[in-house]
Each structure stands twice: as C-alpha cells, then as structure tokens.
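Each chain, written out:
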Amino acid sequence: MRISALDLKRQLSGIRREIDTAIKEVIDNTGFILGEGVKRLEENAAKYCGCKHAIGVSNGTDAISLSLIALGIKEGEGVIVPSFTYYASAGAVANIGAVPVFADIDLDTYNISVESIGRILGQKNKIKVKAIIPVHLYGQCADMDGILKIAKKNKIKVLEDTAQAFGANYRGKKAGTLGDCGAVSFYPGKNLGAFGDAGLILTNSSSLAEKLKILRNQGNKDKYYHFMLGRNNRMDTIQAVVVDIKLKYLDDWNRKRQEVAQYYNSNLAGLGLNLPFLAKYSTHIYHQYTLRSLKPNKDVINSLQGKGIDSRIFYPVPLHLQQCFKYLGYKRGDFRQSEKASKQVFTLPIYPELTQDEKEYIVQSVKEIVNG
C-alpha cells in the first residue's frame, strides 16, 4: 500500500464542478487581478475569522513582509522569530532588511517559547527588537497571552504567522486575530489551499488595512497616483475564488483531521512515542500530525517510507543553523529544544479523505517499526 502525505485529488473530487464554475466566471469577466472574487473572499474571510479586515495578497511570505512594512519595521531593526519553523517566517524578515532574532521553542507544543522571548528582551542587544512573529506551528496556536503580555511591556508589535493554523481557535478567537495582524498562506498543501500561491493578512486596524491595500498594489490608491513605495503583491482572482469555495468546507475538513488524529492517538498510545500535545488554550487543526521518537527520526522515516507511507520531517535543520542565516552569528547549541526536535520529530499522513484501511495500515506499520 502507498499512502501520500496529502491527496488533493480526493479533496477536489467532491467540489470540482463548483470550482470549475467559479473559475469560468473569472475568465468570462476577465477580472484576473484584485477582481470581485478577491473582494468576496476578503469579506467572507474577515467574517469567518471575526475580525474587521482581511486583505488578499500574493502569498504567505509576502503577507509577512507587507505586514512588517505596514507596522513600521525598518531596515536593521530586530524581529523575534522561532528557530524551529519554515524558512519563510524569517526569510520575509531578512528580505525587507530587518534582522531575524531567533528564539527557542516550547518542549511540548513546538511553538515559540515565551521564556526564550523574555531572555532575548532582557539582554543588552545591539539590535533594537521591534516585533515578534509567533508561528502557530503544525495547526496549534502559540501562547498568545504570554506573548501579548511581554510585547505590551516592551512596546513591540505582534505579527501572527498563521500559515499552518488558519481556522484554529485561541480561547474562542481565531488564530491570526489576536496580534496587530496575522499572515496567512494559501499554499496548495495547507488545510485551506489555493491552486497556486496566495495569501491573506488579517487585522482589526482600519488604518493598517488601508495601508496594506496601498502597499500590495504598487503603492497606489488610485491608479497612477502613488502614495508610497509599494510592492507588486496583489492576489489573483482565480486563486481567490478557489479559496473562497473551499472556505465553506474548512471547518468540516478540520474536524475530520481531528478525528484522524484521535484515531492515531488512541492506537499509538503506550509505544514510547510523544503524541501531539494539546494546549488548554488552543484547538489543534492538525496541519501536520507530528510524533516524537527517541530514535533518530531519519531512521523512522526511512522505515515508514519503505512501507509506502509518506512520512516527513518538519523541520530537519533549525533556522539558526541554516547556511543562509550564517551571517547572523548563531551556532550549534544556541537553541537546544529546536535542535533536539529537528532530530526527533516525524509526521504521519493526515487529511480528511484517509480511508479506514489506510489508517489501520499506518498504525500497524508504526507499531512494527517501534517494536522492531
């Protein structure tokens, strides 16, 4: 049996006609960039998230960069980012001339550690820290109460990286709506994915929303009248209508992911693996179902892949040890939890359309590998 990490063909089979009709409408109307479909998605996404504004942009990485620019982060200023996350969270910081300041993660949730943030802000730094980017990793929110408290004390901005947790709840509020703004990715492999690159920025600030709309569109509010130095980060209408249709199904899909996770939890307990930790303050929508093994994760993954199960490591090299960030001066041993996690975590396939036979095969395979 071969089981992929994600099977988008299964997801699309039930909604293909609906999506084809929406795409045809865009083609017929020829409003390909920032068309009516983008406005409709922005309205529906803001309503879904319970926030005042949602601004459609080109992708999740640009959502981070644009948000930082709109928040006033300047070249040379520091932005705290967890070391254990995808490159884009820190790459977006560096690419506007700001400086990624890495923090360690929490042992249980893999999200940014509030204690690590506190240590950074308590030090005498050459770089002035002006913002924090908590990444809601794997589909569960970071400790936003602790992060917002420390941010308020130090008068710095909070930008939530909600690429993996769109739809998750933090104490009854949607991920991405608690800080100054939230950046969302609709990369095709996300729980809510487009047919290409697309992103969104969530905010409750009307002035920030207005600034973001100008920044994403070459710095102009009215065509050919440029208010500021902007960027070409506009959303394609075809991507917007695809995401808008899928948004109607998101909660049901996330619920089914939770059911798959519960099946795994029930059947993998007692094997000596660390199952996903559920924080009291957040729901988990399982963008990834991540286990932790005392064995090297590469050995476990090789065994799973040998059985046809697409298991992966998110992420094999912490950001502070990536070659592209060598100039920042970090070294091995600086963030022990991030480094340990990179050697121990591995994923199992998790998506709503997994069959019972596939789930049973995955569980049996894991048991054979762990007990073998």
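The structure we're discussing is the one just above.
Residues numbered from 1 in each chain as written. Predicted model: local features only at pLDDT ≥ 70, side-chain atom pairs only at ≥ 80, totals over all residues. Heavy atoms only, no water.

J.: Give me the lowdown on the overall build of the chain, citing residues and values where you can.
T.: The helix and strand tally for the chain stands at 13 helices and 13 strands. A compact globule built from 372 residues would reach a C-alpha radius of gyration of about 21 Å, and the chain, at 21 Å, matches this within 12%. Across the 372 residues of the chain, 56% fall into the buried class. Roughly 17,000 Å² of accessible area belongs to the chain as shown, and the carbon and sulfur atoms make up 49% of that amount. (Helix = DSSP H or I, 4+ residues; strand = E, 2+ residues; numbered from the N terminus. Rg over C-alpha atoms; globule rule 2.2 N^0.38 Å. Buried < 20%, exposed > 50% of the residue type's maximum accessible area, 1.4 Å probe, protein only. Areas by Shrake-Rupley, 256 points an atom, 1.4 Å probe, with all protein chains shown as cover.)

J.: Quick rundown of the pattern of salt bridges? Include the residues and the values.
T.: The full count for this structure, using the stated rule, is 18 salt bridges. For Lys 39, the salt bridge is made with Glu 36, and the minimal N-O distance between the two is 3.6 Å. With Lys 39 and Glu 36 both in helix 3 (residues 36-49), this residue pair falls three residues apart, about one helical turn. Owing to a relative accessible area of 43%, Lys 39 belongs among the partly exposed residues under this scheme. On the basis of relative accessibility, which here comes to 56%, the residue Glu 36 falls in the exposed class. (Salt bridge = Lys/Arg side-chain N within 4 Å of Asp/Glu carboxyl O.)

J.: Provide a residue-level description of the environment of Leu 273, including the pertinent values.
T.: Tracing the backbone through its elements, the reader meets Leu 273 in the loop between helix 10 (250-268) and strand 12 (289-292). Taking the C-alpha atoms as reference points, Leu 273 and Val 370, 97 residues apart in sequence, are found 8.5 Å from one another. With sequence-adjacent residues up to four places away left out, Leu 273 is seen in contact with Leu 291, Arg 292, Ser 293, Phe 346, Val 366 and Val 370. (Contact = heavy atoms within 4.5 Å.)

J.: Tell me about the packing of helix 3 against helix 9 (residues 237-247), and name the residues and values.
T.: Packing of helix 3 against helix 9 leaves a shortest axis separation of 8 Å and a crossing angle of 35 degrees. Considering how the two elements wind past one another, helix 3 and helix 9 form a crossing that is left-handed. Facing Gly 37, Val 38, Arg 40, Leu 41, Asn 44, Ala 45 and Tyr 48 of helix 3, the residues of helix 9 in contact are Thr 237, Ala 240, Val 241, Val 243, Asp 244 and Leu 247. Here the residues of the contact of helix 3 with helix 9 sort into eight nonpolar, three polar and two charged. (Axes fitted to C-alpha atoms, helices over the stretch in contact; angles between N-to-C directions. Left-handed = near helix turned anticlockwise from the far one by under 90°. Nonpolar A, V, L, I, M, F, W, Y, C, P; charged D, E, K, R; others polar.)

J.: Go over the nonpolar core with me, naming the residues and quoting the values.
T.: Core analysis: the largest hydrophobic core is formed by 64 residues, its most contacted members being Leu 68 and Leu 348. With near-sequence residues (within four places) excluded, Leu 348 lies in contact with Tyr 264, Leu 268, Tyr 289, Leu 291, Leu 304, Ile 362 and Val 366. With 25 residues, the next largest nonpolar core counts Ile 80, Ile 132, Cys 141 and Ile 156 among its residues. (Core = buried A, V, L, I, M, F, W, Y, C linked by side-chain atoms within 4.5 Å.)

J.: Tell me what's going on with helix 5 (residues 87-94), and back it up with residues and numbers.
T.: The element helix 5 is largely enclosed, with a buried count of six among its eight residues. All buried positions along helix 5 are accounted for by Ala 88, Ser 89, Ala 90, Gly 91, Ala 92 and Val 93. In this structure, the buried side of helix 5 is in contact with helix 4 (60-70), strand 2 (78-82), strand 3 (99-103) and strand 5 (157-161).

J.: Break down the pairing of strand 4 (residues 129-132) for me, with residues and values.
T.: Taken together, the three bridges between strand 2 and strand 4 define a ladder with parallel strand orientation. Counterpart to Ile 80 in the pairing with strand 4 is Ile 132. In terms of strand pairing, strand 4 meets strand 5 through two bridges, oriented parallel. Bridging from a neighbouring strand, Ala 131 pairs with Lys 157 of strand 5. Crossover handedness for the path strand 4 to helix 7 (residues 144-154) to strand 5: right-handed. (Pairing = 2+ DSSP bridges. Right-handed = clockwise from strand over helix to strand, strands pointing away.)

J.: Help me get a handle on unusual backbone geometry, residues and values and all.
T.: A negative phi angle is the norm for most residues apart from glycine, just as the trans form is the norm for most peptide bonds. Omega for the peptide link from Phe 314 to Tyr 315 comes to 25 degrees, which places this bond in the cis form. Residue position: Tyr 315 is located in the loop between helix 11 (297-306) and helix 12 (336-344). Its identity as a non-glycine residue notwithstanding, Leu 34 has a phi of 50 degrees, on the positive side. Residue position: Leu 34 is located in the loop between helix 2 (16-29) and helix 3. Backbone geometry places Arg 171, a non-glycine residue, at a positive phi of 50 degrees. By the secondary structure assignment, Arg 171 is in the loop between strand 6 (169-170) and strand 7 (173-174). A relative accessible area of 54% means that Arg 171 is categorised as exposed.

J.: Tell me what's going on with the packing of helix 4 against helix 5, and back it up with residues and numbers.
T.: For the pair helix 4 and helix 5, the least separation of the axes is 9 Å and the interaxial angle reads 40 degrees. Judged by the inter-axis angle, helix 4 sits oblique to helix 5. Viewed along their axes, helix 4 and helix 5 form a crossing whose handedness is right-handed. On helix 5, the residues that touch Thr 61, Ile 64, Ser 65 and Leu 68 of helix 4 are Ala 88, Ser 89, Ala 92 and Val 93. Taken together, the residues that form the contact of helix 4 with helix 5 break down as five nonpolar, three polar and no charged. (Parallel < 35°, antiparallel > 145°, perpendicular 65-115°, else oblique.)

J.: Could you give an account of the packing of aromatic side chains, with specific residues and numbers?
T.: A complete count under the given rule lists 15 aromatic pairs for this structure. Three or more aromatic residues joined by ring pairs make a cluster, and in this case those are Phe 84, Tyr 86, Tyr 110, Tyr 138, Phe 314 and Tyr 315. Lys 359 extends its terminal NZ or CZ atom over the ring of Tyr 263, reaching a point 5.2 Å from the ring centre. (Phe/Tyr/Trp six-rings, centres within 6.5 Å; stacked < 30°, edge-to-face > 60°. Lys NZ or Arg CZ within 6 Å of the ring centre and 35° of its normal.)

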